[in-house]
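Spelled out from the first residue to the last, the chains are:
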Number of protein chains: 2
Amino acid sequence: MSQHRHPGAPGRAGAVPALPDLPEATVARLPEYLRALHNLAESGHETVSSEGLASAAGVNSAKLRKDLSHLGSYGTRGVGYDVALLVDQIEYVLGLTQRRAVALVGVGNLGHALAGYDGFAGRGFRIAALLDADPSRVGEEINGLVVRHVDELPRVAAEEAIAIGVIATPARAAQAVADQLVAVGVTSILNFAPCVLSVPEGVDVRKVDLAIELQILSFHEHRKASLTALPATGGSALTALPGGLAVTDTQEAIGT
Amino acid sequence: MSQHRHPGAPGRAGAVPALPDLPEATVARLPEYLRALHNLAESGHETVSSEGLASAAGVNSAKLRKDLSHLGSYGTRGVGYDVALLVDQIEYVLGLTQRRAVALVGVGNLGHALAGYDGFAGRGFRIAALLDADPSRVGEEINGLVVRHVDELPRVAAEEAIAIGVIATPARAAQAVADQLVAVGVTSILNFAPCVLSVPEGVDVRKVDLAIELQILSFHEHRKASLTALPATGGSALTALPGGLAVTDTQEAIGT
DNA sequence: CGCGATTTGTGCACGTCTTCACAAGCGCCT
DNA sequence: AGGCGCTTGTGAAGACGTGCACAAATCGCG
Ligand SMILES: NC(=O)c1ccc[n+]([C@@H]2O[C@H](COP(=O)([O-])OP(=O)(O)OC[C@H]3O[C@@H](n4cnc5c(N)ncnc54)[C@H](O)[C@@H]3O)[C@@H](O)[C@H]2O)c1
Ligand SMILES: NC(=O)c1ccc[n+]([C@@H]2O[C@H](COP(=O)([O-])OP(=O)(O)OC[C@H]3O[C@@H](n4cnc5c(N)ncnc54)[C@H](O)[C@@H]3O)[C@@H](O)[C@H]2O)c1
């Protein structure tokens, strides 16, 4: 996609790449910018202003500029950011210059959907192994990959350089699987099971719990309902509040 | 599950329930506490200390106490929290006293997994409708629900009181689906498509983007690698840094 | 070559979130 | 009844994140 040859290391040669340690909030937004930039590149944009990129990513433009400034000065005042260059920079910082190998453990309901998803390739990842404990699932082929028994994890890890483990087993099995992943040297885990994992220091865990997302939405739904139920909030008679409900965290307004 | 009769409204009768407006960070953690509490209740605990609940939920105990204090004073000093009472309180605040109806739009790869998942029922939700635009999918039955055409959304919304819409369509269709959901009165949306949705004020959107989660993990993986590559950080010779890698955000240590 | 239009990068103030530390409260035991 | 140990609830301080507003930089044009 990107037609630029990026420097490999950010700026100067000689010294170590030395990742700037970014604020965690910034790290969480960089992937959004990256996705927006890929879209922009695809639609032929060579450069983009902070305003344009910000609205494409659904954030405030000042925040975006501050985020990008942490990577270095890759914009041009009066012009904007070079899309291809920025793509390369963000991919470099996120460690996406190499396609990272992902091992998926638990090929059930959800695991099948993940294994069959072809969208990860374009975002820097390659599902390198499918593992399950159920003998009747072992041997099944999904998307060109054969499901192997979870006990083969050490062998699999030796074959492929597994960078990230994804857990899609029932909650009761998740801790054991996490332990197995850690044992073979995996230091990044994405957990879909609704439970807390305990891992040694140096191992990162991120979790995705859909029920939690729904419950957060439910809270706001509940609050919105209780607000509309009592229109008078406090003592003021009917001052200038059109009928607006507060938004919380949400992305708004796009429009290229 | 809960054997307590909870008050309905938090404390006093007469006045409106009047949800305390909780910090957003607290709202995001309440579901975690709720899940941990359900586990504790199931294993026979009648009460739990902030320390115990905190470690079960993977957070700091001071943070947990402050979070709970926002709901009111439901603990007993010297003793801890009554598990059943706290479950009821949190469920009330999150608006889970009624089972909320969810409409799932896009019954493809991922949508099938969601539709077939039986874990939502225990967390306060009921998948009430499956919708898709593909005529060849319409009519298919999943888990006792028949897939209907997305154009029937207005009728579906009239039949069921849809509280939350879930979008599991390709990104290119997501905005149109969101618009349709908003048009039939849905004010909470969970979006799995990797794109920014534009919605009117008063509508909450939460997104789940798996590739973003992986990319965040990739960043930390990259950083860990670049750190181990250069053991000397700065000028100090070899001061007392065992060999530890920094953890970021992650949950650690459990153990009941 | 200089000027105005434009847009980045950032200092600063503000708000939110986290964590510590401890007084106040509760139950139990003597 | 009184004292003791335990645990909650919270004030205060610090860390972190956000957004405004503007100086500095760059481009294009006359
Ligand atoms: N399906 C969904 O839409 C959905 C939604 C939210 C959360 N989740 C969570 O995702 C996880 C997976 O859900 P699912 O619906 O795919 O469940 P599932 O039961 O369909 O699949 C689980 C798979 O894990 C395998 N497994 C069990 N123990 C294992 C072990 N020790 N090692 C390796 N594999 C093992 C099982 O053989 C099975 O194939 C669950 O924790 C669930 O709560 C799923
Ligand atoms: N499958 C995964 O594991 C996975 C992982 C990450 C992200 N996602 C995202 O989730 C979304 C769904 O993924 P998928 O793999 O299920 O895709 P899919 O192509 O298998 O399914 C999409 C479904 O949406 C339906 N659809 C298309 N346009 C529609 C419209 N206007 N109204 C209603 N339905 C419509 C299609 O008919 C199809 O059934 C995508 O945006 C994808 O990027 C999926």
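Residues numbered from 1 in each chain as written. Chains lettered and ligands numbered in written order. Predicted model: local features only at pLDDT ≥ 70, side-chain atom pairs only at ≥ 80, totals over all residues. Heavy atoms only, no water.

A. Spotlight on the overall build of chain A. Helix and strand counts for chain A come out as eight helices and 10 strands. Burial status across chain A gives 45% buried among its 256 residues. (Helix = DSSP H or I, 4+ residues; strand = E, 2+ residues; numbered from the N terminus. Buried < 20%, exposed > 50% of the residue type's maximum accessible area, 1.4 Å probe, protein only.)

B. Just the site of ligand 1, in detail. Lining the immediate surroundings of ligand 1 are 24 residues, of which Leu110(A), Asp132(A), Arg137(A), Thr169(A) and Tyr117(B) lie closest. Taken together, the residues near ligand 1 originate from chains A and B. Between ligand 1 and Thr169(A) there is a distance of 2.6 Å, counted from an oxygen atom to a backbone nitrogen or oxygen. The backbone of Ala113(B) places a nitrogen or oxygen atom 3.1 Å from an oxygen atom of ligand 1. Protein contacts shield 83% of the accessible area of ligand 1, which totals 820 Å² for the unbound molecule. Mapped onto the shell around ligand 1, the elements with two or more residues apiece are helix H5 (109–115) and helix H7 (171–183) of chain A together with helix H5 (109–115) of chain B. Its residues assigned to classes, the shell around ligand 1 comprises 17 nonpolar, four polar and three charged. (Near = heavy atom within 4 Å. Polar contact = N/O pair within 3.5 Å; in protein donor to acceptor, adjacent residues only side chain to side chain. Areas by Shrake-Rupley, 256 points an atom, 1.4 Å probe, with all protein chains shown as cover. Nonpolar A, V, L, I, M, F, W, Y, C, P; charged D, E, K, R; others polar.)

C. Spotlight on the protein's contact with DNA strand C. The full set close to DNA strand C counts 27 residues, and Ser50(A), Arg65(A), Tyr81(A), Arg29(B) and Arg77(B) are the nearest of them. Sugar and phosphate atoms constitute 65% of the interface atoms of DNA strand C, taking the interface as everything within 4 Å of the protein. Between a sugar or linking oxygen of DNA strand C and a main-chain N or O atom of Gly78(A), the distance comes to 3.1 Å. Looking at the surface near DNA strand C, the elements that each hand over two or more residues are helix H3 (61–69), strand S2 (75–76) and strand S3 (80–82) of chain A together with helix H1 (24–42) and helix H3 (61–69) of chain B. When residues in the surface near DNA strand C are grouped by element, the largest group, four residues, is from H3(B).

D. The UniProt feature "DNA-binding region" (unreviewed entry) in chain A, seen in detail. Per the UniProt record, the feature "DNA-binding region" (unreviewed entry) sits at residues 32–71 of chain A. Each end of residues 32–71 of chain A is marked by a C-alpha atom, and these two atoms are 15 Å apart; helix forms 70% of the span and strand 5%. (UniProt positions renumbered as here; feature names shortened; annotations may be inferred.)

E. Focus on the side chain of Ser50(B). Residue and element names in this part refer to chain B. Mapping Ser50 onto the fold places it in helix H2 (residues 50–57). Within the structure, the side chain of Ser50 is placed 3.0 Å from the side chain of Arg65, a separation counted as a polar contact. In this structure, Ser50 is in contact with Ser61, Leu64, Arg65 and Tyr81, ignoring residues within four places of it in sequence. (Contact = heavy atoms within 4.5 Å.)

F. Expanded view of the pairing of strand S8 (residues 162–167) of chain B. Residue and element names in this part refer to chain B. In terms of burial, S8 is largely enclosed, as six of its six residues are buried. Where strand S4 (residues 100–105) and S8 come together, five bridges link them in parallel fashion. Directly across from Ala101, in S8, lies its bridge partner Ile162. Of the pairings in the sheet, the one linking S8 to strand S9 (residues 188–191) comprises three bridges and is parallel in character. (Pairing = 2+ DSSP bridges.)

G. Up close: the UniProt feature "binding site: NAD(+)" (unreviewed entry) in chain A. UniProt marks Gly106(A), Val107(A), Gly108(A), Asn109(A), Leu110(A) and Gly111(A) with the feature "binding site: NAD(+)" (unreviewed entry), using the numbering shown here. Along the chain, Gly108(A) falls in the loop between strand S4 (100–105) and H5. We classify Gly108(A) as buried; its relative accessible area is 18%. Not counting the four nearest positions on each side in its chain, Gly108(A) is found in contact with Asp132(A) and Arg137(A). For Leu110(A), the position within the fold is in helix H5. If sequence neighbours within four positions are ignored, Leu110(A) has contacts with Phe192(A), Leu110(B) and Ala113(B).

H. Main features of the protein's contact with DNA strand D. Near DNA strand D there are 26 residues, and of these Lys66(A), Arg77(A), Ser50(B), Arg65(B) and Tyr81(B) occur at the shortest range. When the atoms of DNA strand D within 4 Å of the protein are grouped by moiety, sugar and phosphate amount to 66% of the total. A distance of 3.0 Å separates a phosphate oxygen of DNA strand D from a polar side-chain atom of Arg29(A). Here a base oxygen of DNA strand D and a side-chain polar atom of Lys66(A) are 2.5 Å apart.

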